[in-house]
Amino acid sequence: RKEVEQDPGPFNVPEGATVAFNCTYSNSASQSFFWYRQDCRKEPKLLMSVYSSGNEDGRFTAQLNRASQYISLLIRDSKLSDSATYLCVVKAKYGNKLVFGAGTILRVKS
Amino acid sequence: NAGVTQTPKFQVLKTGQSMTLQCAQDMNHNSMYWYRQDPGMGLRLIYYSASEGTTDKGEVPNGYNVSRLNKREFSLRLESAAPSQTSVYFCASSEISSGSTDTQYFGPGTRLTVL
């Protein structure tokens, strides 16, 4: 079983739609959680960290459920520029090694 | 600031050839990492260097060696390339300190094909 699992998609949505991705992780000792964004043939970039209380950054909302060991990302009012692969990332309590999910592909169409 | 830079951007090797991928960062970060990314799989850690002078194996170190040349530079060497090493290689760096967000910053990647 992969340590971090994501639905690979693709999620095809029209502009303006709301879309949500989930991610599950298997290591209960995981301490920090992130969503990274990766554009086609580019490097990953941090989109947002995920906090236990949930956090919002503009149109993006991230939630963490430690009991069920899953993380979610909600994108409201999707833009064409949101088209990318979204990587779920977890970090154990000690050390700074990140474990990446394989990513969820989002395609926003006009 | 250039951030994290990698050279070369593309490389084609024949089986058995050797090469070194170069990585440099200008953010004064302590920690540096090498990942590979294959279709359908997440980025997998090959080696990392928590600080200058130290290196440790990651998830998939076989067939690779690394050198932390100084605080800025971290190179990855393939001694005898194999087709299974065809991949996209990313270098990353981060600042590990109390209160840091542990964000890793990635270079643009090296696309390596081994024939």
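In this text, all values refer to a predicted model and were calculated from it rather than measured experimentally.

**Student:** Honestly, the overall build of chain A in this entry has me stumped. Any pointers?
**Tutor:** Along its length, chain A carries zero helices and eleven strands. The order of helices and strands in chain A, counted from the N terminus, is β-β-β-β-β-β-β-β-β-β-β. In summary, chain A has a C-alpha radius of gyration of 13 Å against a globular reference of 13 Å for 110 residues, a match within 12%. Counting all 110 residues of chain A, 45% fall into the buried class. Excluding contacts between residues fewer than 6 apart, the proportion of contacts in chain A whose partners are at least 24 apart in sequence is 57%. Surface exposure of chain A reaches about 5,500 Å², of which carbon and sulfur atoms provide 48%.

**Student:** Honestly, the nonpolar core in this entry has me stumped. Any pointers?
**Tutor:** Considering soluble globular proteins, one finds that nonpolar side chains tend to be buried as a cluster. By size, the foremost hydrophobic cluster in this structure holds 23 residues, and its most contacted members are Phe21(A), Trp35(A), Ile71(A), Leu73(A), Ile75(A), Tyr86(A) and Leu106(A). When neighbours within four sequence positions are excluded, Ile71(A) is seen to be in contact with Phe21(A), Asn22(A), Cys23(A), Tyr25(A), Phe33(A), Trp35(A), Val50(A), Gln63(A), Leu64(A), Cys88(A) and Val90(A). Counting residues in each nonpolar core, the second largest holds 20 residues, with Val4(B), Met19(B), Tyr47(B) and Leu78(B) among its members.

**Student:** Where do I start with the interface of chain B and chain A in this structure?
**Tutor:** Tallying the contact residues gives 21 residues for chain B and 17 residues for chain A. Both sides of the chain B and chain A interface together cover about 1,500 Å² of buried area, and 54% of this is carbon and sulfur. Our count for the contact surface shared by chain B and chain A stands at zero salt bridges. Secondary structure elements with two or more residues in the side of chain B that touches chain A: strand S4 (31-37), strand S5 (44-49) and strand S9 (87-94) of chain B. If you tally residues by element for the side of chain B that touches chain A, the top one is S4(B), at three residues. Residues that form the side of chain B that touches chain A fall into these classes: eleven nonpolar, eight polar and two charged.

**Student:** In this structure, what is going on with the pattern of salt bridges? I would like to understand it.
**Tutor:** Any two side chains of opposite charge can pair, given that their charged atoms come close. What the rule picks out here adds up to seven salt bridges over all chains. Here Arg37(A) ties to Asp39(A) by a salt bridge, and the two come within 2.8 Å at their closest N and O atoms. By relative accessible area, which is 31% here, Asp39(A) ends up partly exposed. For Arg36(B), the salt bridge identified is with Asp38(B), shortest N-O distance 3.0 Å. Exposure remark for Arg36(B): the relative accessible area of 8% places this residue in the buried category. Overall, Asp38(B) belongs to the buried group, its relative accessible area being 11%.

**Student:** Just checking my understanding: could you explain the side chain of Ser87(B) for this structure?
**Tutor:** Residue and element names in this part refer to chain B. Structurally, the position occupied by Ser87 is in strand S9. Within the structure, the side chain of Ser87 is placed 3.0 Å from the backbone oxygen of Gln37, a separation counted as a polar contact. Apart from the residues within four sequence positions on either side, Ser87 is in contact with Arg36, Gln37, Asp38, Thr110, Arg111 and Leu112.

**Student:** What exactly am I supposed to notice about the pairing of strand S4 (residues 30-38) of chain A here?
**Tutor:** The side chains of a regular strand alternate, residue by residue, between the two faces of the sheet. Residues and elements named next belong to chain A. Counting buried residues along S4, eight of its nine residues qualify, which places the element largely inside the surrounding structure. Pairing of S4 with strand S9 (residues 84-92) involves eight bridges; the strand directions are antiparallel. Along S9, the bridge assignment pairs Phe33 with Val90. Examined bridge by bridge, S4 and strand S5 (residues 44-50) share six bridges and lie antiparallel to one another. Paired with Phe33 across the two strands is Val50, which belongs to S5. Counted along the chain from S4 to the antiparallel partner S5, the turn is five residues long, and its residue Arg41 has a positive phi close to 60 degrees.

Reading the values: rules and limits
- Residues numbered from 1 in each chain as written.
- Chains lettered and ligands numbered in written order.
- Predicted model: local features only at pLDDT ≥ 70, side-chain atom pairs only at ≥ 80, totals over all residues.
- Heavy atoms only, no water.
- Helix = DSSP H or I, 4+ residues; strand = E, 2+ residues; numbered from the N terminus.
- Rg over C-alpha atoms; globule rule 2.2 N^0.38 Å.
- Buried < 20%, exposed > 50% of the residue type's maximum accessible area, 1.4 Å probe, protein only.
- Contact = heavy atoms within 4.5 Å.
- Areas by Shrake-Rupley, 256 points an atom, 1.4 Å probe, with all protein chains shown as cover.
- Core = buried A, V, L, I, M, F, W, Y, C linked by side-chain atoms within 4.5 Å.
- Buried area = accessible area lost by both parts, 1.4 Å probe.
- Salt bridge = Lys/Arg side-chain N within 4 Å of Asp/Glu carboxyl O.
- Nonpolar A, V, L, I, M, F, W, Y, C, P; charged D, E, K, R; others polar.
- Polar contact = N/O pair within 3.5 Å; in protein donor to acceptor, adjacent residues only side chain to side chain.
- Pairing = 2+ DSSP bridges.

Note that every value here comes from positions in space, so none of it alone points to a role or purpose.
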